[in-house]
Amino acid sequence: MTFAANRDSLLDLAKSRSPADRERLLLGIVELCEAGGEGAAMSQPEIQALLNSIFLSLVVEAERDIRQRLAEKLTHADWAPPALINVLALDEIEIARPIIAASPVLRDHDLIRLLAEATIEHQIEVARRPQLGAPVVAAILKQSEPAVLAALCGNPTAELSPADMARLVDTARQVAALRSPLSRHPKLTSELALQLYVWVGQALRQSLAERFRLDPEVLAGVLSGAVAEAHAGGAENGGLVVVAREDERVAMERRLVDKLHAAGQLRPGYLIRALREGRLSLFCTTLAMLGRFEADHIRRAIDSDRPELLGLACAAVGIDRSVFPTILIMVRELNGGRPSGGAESARRATGAFGPVSPQVAGIAFRQAAQSI
């Protein structure tokens with residue numbers, strides 16, 4: 001078949017909505033992908049024009065599964081049309097993820113545009129991209145989104161300068177999610193480890209002390225200084241320093257949840273993620289947003305002796321019955337054993353996932369929460 005005939009045939013397939021034609025088109029695209037190693041041939045203008053026409057036509061009209069398979073095929077292709085790669089990078093996150101993570105076609109300015117225009121989930125994938133360049137790191141630090149910063153801290157190959165590391169460690173004072181990945185970061189220095197030591201829990205303190213062989217007397221002095229500073233600050237400001245930091249953290253979490261919700265990316269699975277990161281207040285904010293509940297009602301429920309109220313709230317937002325026991329355990333671990341009631345009460349709480357709709361569970365939760 002001549003080049004022109006092959007081009008016309010593939011373009012006709014791109015316009016067809018027949019599943020069989022879509023499959024034939026995908027096979028044709030796969031053949032072109034497999035030929036991608038022949039750099040000289042792929043760089044010919046007529047080949048590039050064909051790729052642009054077919055790929056863009058496919059992406060605009062193709063079903064989700066074909067777009068996903070196409071993204072997977074083009075992840076490592078250095079010959080892929082930049083316009084197509086950027087379109088796929090802005091697609092829904094499951095399609096965009098491999099492209100953002102590994103496509104050699106994406107340049108720093110493309111990644112910075114994703115940080116400005118795409119959803120939080122896309123931004124997190126940008127922060128996780130291996131060998132992330134300094135301009136993209138600077139853009140992430142400027143935006144200061146907690147979830148994206150946490151992903152950056154967990155990226156050991158990102159081009160972080162000593163000043164960038166110092167800024168992240170300082171931010172970890174307010175953003176707890178940064179502390180664990182920073183404590184493991186290969187660019188963390190002993191000086192920054194001492195600063196981080198003050199803000200982390202006992203397990204991370206032990207890890208930092210062992211990794212950097214920190215002097216116990218120095219550590220004791222650092223902790224004593226931090227306690228004295230906190231007390232002095234509280235006395236000077238009527239105890240408002242700690243409250244201000246807590247309010248700032250809650251406000252950041254609220255902005256994160258609002259952005260995820262506005263982008264259509266806030267899903268029940270985010271509740272599990274928040275708990276695994278030890279962020280109970282983020283869990284409460286997310287649950288309130290998903291169920292359109294009063295935030296105070298969620299807080300009352302998890303502080304009560306009635307775990308069935310938490311069960312109702314979770315049932316209302318689509319959490320599966322089999323997942324709830326895990327949620328209850330994690331909430332209790334982070335909330336001093338509350339909601340209390342023991343194992344028997346926990347078993348009764350699963351009754352909230354009975355043969356009722358999420359809407360009914362939500363109404364029941366609102367009515368019950370008002371009486372706490």
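These numbers come from a predicted model, not from an experiment.

J.: Explain the packing of helix α14 (residues 190–197) against helix α15 (residues 202–212) to me, and be specific about the residues and the numbers.
T.: A packed helix pair is summarised by two numbers, namely the angle formed by the two axes and the spacing between the axes. Running from N to C, α14 and α15 cross one another at 160°; their axes reach a closest spacing of 10 Å. Taken together, the axes of α14 and α15 lie roughly antiparallel to each other. Of the two possible hands of crossing, α14 and α15 adopt the one that is left-handed. Counting all contacts with α14, which are made through Ser190, Ala193, Leu196 and Tyr197, the residues of α15 involved are Arg205, Leu208 and Phe212. Residue composition of the contact of α14 with α15, by class: 5 nonpolar, 1 polar and 1 charged.

J.: Break down the side chain of Glu125 for me, with residues and values.
T.: Looking at where Glu125 falls in the secondary structure, it is placed in helix α9 (residues 120–128). With relative accessibility at 7%, the residue Glu125 sits in the buried group. Reaching out from Glu125, the side chain makes a polar contact with the side chain of Arg128 at a distance of 3.1 Å. If we skip the residues at most four places from it in the chain, Glu125 touches Ile93, Arg97 and Ile100.

J.: Report on the packing of aromatic side chains, specifying residues and quantitative values.
T.: A full pass over the atoms with the stated rule returns 2 aromatic pairs. Measuring from centroid to centroid gives 5.3 Å for Phe324 and Phe353, while their planes differ by 45°, and the two rings are tilted. Of this pair, Phe324 sits in helix α22 (residues 324–334) while Phe353 sits in the loop between α23 (342–349) and α24 (358–369), and the two are 29 residues apart along the sequence. The aromatic ring of Tyr197 is capped on one face by Arg205, whose charged end is 5.4 Å from the ring centroid.

J.: Go over the confidence of the model for the protein, please, and point to the residues and values.
T.: Summary statistics for the protein give a mean pLDDT of 80 and a share of 76% for residues scoring 70 or more. Ranking the elements of the protein by mean pLDDT puts helix α3 (residues 39–42) last with 51 and helix α10 (residues 134–143) first with 96. A low-confidence stretch, residues 230–245 stays under pLDDT 50, and its non-local contacts, those more than four residues away or across chains, total 5 contacts.

J.: Go over helix α5 (residues 64–74), please, and point to the residues and values.
T.: Turning to α5, its buried residues are Ile66, Arg67, Leu70, Ala71 and Leu74. All buried residues of α5 lie within an arc of 140° about the axis, which places them on one face of the element.

J.: Mind laying out the layout of surface pockets, listing which residues take part and the relevant values?
T.: As a volume, the second largest pocket reaches approximately 370 Å³. Taken together, 21 residues form the lining of the second largest pocket, with Ala176, Ala177, Ser180, Pro181 and Glu277 sitting closest to its centre. For the lining of the second largest pocket, the secondary-structure elements that each account for two or more residues are α9, α11 (146–153), α13 (179–184) and α18 (269–276). Among the elements that line the lining of the second largest pocket, the one with the most residues is α13, at 4 residues. Classifying every residue of the lining of the second largest pocket gives 10 nonpolar, 4 polar and 7 charged.

J.: Explain the packing of helix α21 (residues 307–316) against α24 residue by residue, including any values.
T.: In the contact formed by α21 and α24, the axes pass within 7 Å of each other and the chain directions differ by 145°. The two elements α21 and α24 meet at a crossing, and its hand is left-handed. Here Leu309, Leu312, Ala313, Ala315 and Ala316 of α21 come into contact with α24, specifically with Pro358, Ala361, Gly362, Ala364, Phe365 and Ala368. Across the contact of α21 with α24, the residue classes break down as 10 nonpolar, 1 polar and no charged.

J.: How would you sum up the pattern of salt bridges? Please name residues and give values.
T.: The tally for this structure, following the rule as stated, stands at 14 salt bridges. When the shortest N-O distance is used, the salt bridge between Arg67 and Asp91 registers 2.6 Å. Of this pair, Arg67 sits in helix α5 while Asp91 sits in the loop between α6 (82–89) and α7 (93–102), placing them 24 residues apart in sequence. Each member of the pair, Arg67 as well as Asp91, carries the same accessibility label: buried. Measuring nitrogen to oxygen at the nearest pair gives 2.7 Å for the salt bridge that ties Glu145 to Lys259. Of this pair, Glu145 sits in the loop between α10 and α11 while Lys259 sits in helix α17 (residues 240–262), and the two are 114 residues apart along the sequence.

J.: So, the nonpolar core: which residues are in play, and what are the values?
T.: Counting residues in each nonpolar core, the largest one holds 100 residues, and the members touching the most others are Leu152 and Phe283. Once residues within four sequence positions are removed from consideration, Leu152 is found in contact with Ala127, Leu132, Val137, Ile140, Leu141, Ala158, Leu160 and Leu168.

About the thresholds
- Residues numbered from 1 in each chain as written.
- Predicted model: local features only at pLDDT ≥ 70, side-chain atom pairs only at ≥ 80, totals over all residues.
- Heavy atoms only, no water.
- Axes fitted to C-alpha atoms, helices over the stretch in contact; angles between N-to-C directions.
- Helix = DSSP H or I, 4+ residues; strand = E, 2+ residues; numbered from the N terminus.
- Parallel < 35°, antiparallel > 145°, perpendicular 65-115°, else oblique.
- Left-handed = near helix turned anticlockwise from the far one by under 90°.
- Contact = heavy atoms within 4.5 Å.
- Nonpolar A, V, L, I, M, F, W, Y, C, P; charged D, E, K, R; others polar.
- Buried < 20%, exposed > 50% of the residue type's maximum accessible area, 1.4 Å probe, protein only.
- Polar contact = N/O pair within 3.5 Å; in protein donor to acceptor, adjacent residues only side chain to side chain.
- Phe/Tyr/Trp six-rings, centres within 6.5 Å; stacked < 30°, edge-to-face > 60°.
- Lys NZ or Arg CZ within 6 Å of the ring centre and 35° of its normal.
- pLDDT = per-residue confidence, 0-100.
- Arc of directions from axis to C-beta.
- 1 Å grid on protein atoms, 1.4 Å probe; cavity = no way out; pocket = protein on both sides within 12 Å on 5 of 7 lines; lining within 4 Å.
- Points joined across faces, edges and corners; volume = space filled by probe spheres on them.
- Salt bridge = Lys/Arg side-chain N within 4 Å of Asp/Glu carboxyl O.
- Core = buried A, V, L, I, M, F, W, Y, C linked by side-chain atoms within 4.5 Å.

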